[in-house]
Amino acid sequence: MSKKLICKIIVDILMLAAMPVLMAYMLAGEVLHEWLGTGILVLFILHHVLNYQWIKNMFRGKYTLSRIATTIVNVLILLMIIGLAYSGIVLSRHVFADLDIHASRANARSIHMFCSYWGFVLMSLHFGFHWDMFLGIARKFTEKKSVLRSAVLRVLAAGIAGYGIYAFQKREISSYLMMKIQFAFFDMEEPLVAFIVDYLAVMGLFAVVGYYVMFVLKIISKKRRSVSV
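A short tour of the structure in this document, coming up. (Residues numbered from 1 in each chain as written. Predicted model: local features only at pLDDT ≥ 70, side-chain atom pairs only at ≥ 80, totals over all residues. Heavy atoms only, no water.)

1. A few points about the nonpolar core
Link 1 in the chain: Tyr-117 and Phe-120 are the most contacted members of the largest nonpolar core, which has 46 residues in total.
Link 2 in the chain: Not counting residues up to four positions away in its chain, the partners in contact with Phe-120 are Met-19, Met-23, Tyr-199, Val-202 and Met-203. (Core = buried A, V, L, I, M, F, W, Y, C linked by side-chain atoms within 4.5 Å. Buried < 20%, exposed > 50% of the residue type's maximum accessible area, 1.4 Å probe, protein only. Contact = heavy atoms within 4.5 Å.)

2. Points about the packing of aromatic side chains
The description of an aromatic ring pair rests on the distance of the ring centres and on the angle between the ring planes.
Link 1 in the chain: Scanning all chains against the criterion turns up 11 aromatic pairs.
Link 2 in the chain: Ring geometry for Phe-186 and Phe-195: centres 5.8 Å apart, planes at 45°, overall tilted.
Link 3 in the chain: Following the ring pairs from residue to residue traces out a cluster consisting of Tyr-25, Phe-120, Phe-186, Phe-195 and Tyr-199.
Link 4 in the chain: Over the aromatic face of Tyr-63 sits the side chain of Arg-67, whose NZ or CZ is 4.0 Å from the ring centroid. (Phe/Tyr/Trp six-rings, centres within 6.5 Å; stacked < 30°, edge-to-face > 60°. Lys NZ or Arg CZ within 6 Å of the ring centre and 35° of its normal.)

3. Description of a nonpolar patch on the surface
Link 1 in the chain: On the surface, a cluster of nonpolar side chains totalling about 650 Å² of accessible area is made up of Tyr-63, Ile-68, Ile-72, Val-75, Leu-76, Leu-78, Leu-79 and Ile-82.
Link 2 in the chain: Here Tyr-63 is to be found in the loop between helix H3 (52–56) and helix H4 (65–91).
Link 3 in the chain: The exposure class assigned to Tyr-63 is partly exposed, which follows from its relative accessible area of 30%. (Patch = residues over 30% accessible without salt bridge, like charges linked within 9 Å, V, L, I, M, F, W, Y side chains within 5 Å. Areas by Shrake-Rupley, 256 points an atom, 1.4 Å probe, with all protein chains shown as cover. Salt bridge = Lys/Arg side-chain N within 4 Å of Asp/Glu carboxyl O. Helix = DSSP H or I, 4+ residues; strand = E, 2+ residues; numbered from the N terminus.)

4. Some points on the pattern of salt bridges
Link 1 in the chain: For the structure shown, the criterion picks out four salt bridges.
Link 2 in the chain: Across the pair Lys-170 and Asp-198 runs a salt bridge, and its minimum N-O distance is 3.0 Å. Of this pair, Lys-170 sits in helix H7 (residues 147–170) while Asp-198 sits in helix H9 (residues 192–228), and the two are 28 residues apart along the sequence.
Link 3 in the chain: Residue Lys-170 is classed as partly exposed on the basis of its relative accessible area, which comes to 42%.
Link 4 in the chain: Look at Asp-198 and you get buried, because its relative accessible area is 1%.
Link 5 in the chain: Salt bridges here are not isolated pairs; linked through shared partners, they connect Lys-170, Arg-171, Glu-190 and Asp-198.

5. Focus on the side chain of His-47
Link 1 in the chain: If you trace the backbone, His-47 turns up in helix H2 (residues 30–50).
Link 2 in the chain: Classification of His-47 by relative accessible area gives buried; the value is 15%.

6. Looking at the packing of H2 against H4
Link 1 in the chain: Between H2 and H4, the least distance of the axes is 11 Å, while the angle of their chain directions is 145°. For the crossing formed where H2 meets H4, the hand is left-handed. For the pair H2 and H4, contact is made by Glu-34, Leu-41 and Phe-44 and by Ile-77, Leu-78, Ile-81, Ala-85 and Leu-91, respectively.
Link 2 in the chain: For the contact of H2 with H4, the per-class residue count stands at seven nonpolar, no polar and one charged. (Axes fitted to C-alpha atoms, helices over the stretch in contact; angles between N-to-C directions. Left-handed = near helix turned anticlockwise from the far one by under 90°. Nonpolar A, V, L, I, M, F, W, Y, C, P; charged D, E, K, R; others polar.)

7. Some points on unusual backbone geometry
Link 1 in the chain: Backbone geometry places Tyr-25, a non-glycine residue, at a positive phi of 40°.
Link 2 in the chain: Within the secondary structure, Tyr-25 is located in the loop between helix H1 (3–24) and H2.
Link 3 in the chain: Backbone geometry at Met-179 places phi at a positive 60°, although glycine is not the residue there.
Link 4 in the chain: Within the secondary structure layout, Met-179 lies in the loop between helix H8 (173–177) and H9.

8. Quick notes on the packing of H4 against helix H5 (residues 105–129)
Link 1 in the chain: It is at 7 Å that the axes of H4 and H5 come closest, and there the two elements cross at 145°. Regarding H4 and H5, the two cross each other, and that crossing is left-handed.
Link 2 in the chain: Of the residues that constitute the contact of H4 with H5, the class distribution is 17 nonpolar, nine polar and two charged.

What follows is the structure in structure tokens.
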């Protein structure tokens, strides 16, 4: 495995690990939230530097259904990150407080809420889109394909997705996505771990959705190619 690929994996893992903690905001603390937010912005930029070849080839070659879906999600994630970066700097009381930017904090808060929840969902989908790549890397370090292992992984994925549906409803995430709730509410007596577990499950849910969406799109594209031939 090349050093570049190792760097890509480390960057992606760090971004995924930071996401549920960022969503915790008040439970994790304002200072940690701002530093983690700054860190994930740096990681996002690094992620694109490491994947420069994909960006370079955006306007080259044929666009299959899977490539269209990936590009749309990637562009939306970029917009969410831009919105988060702008609103985060405006709202900052610690990391960027000295910049003294004059802008509406109320508008910035709405932008931050909208972009954080949609960014969370889109990044989880993005991870699911590329799950095949992680499985391919894992296979290089394990024995030949095992039916039992595949079955266990499928059951585990179903369990995580099932609990993710419950956590999605419990945390009223759909209301945040639709901006029906304007402020994030936290039970300050709730353990941070419990919150993170729920959001990890929701991440798992959308990753599973992303994986199977990509799986279906590739099958459709393959059938179209066989018919055209």
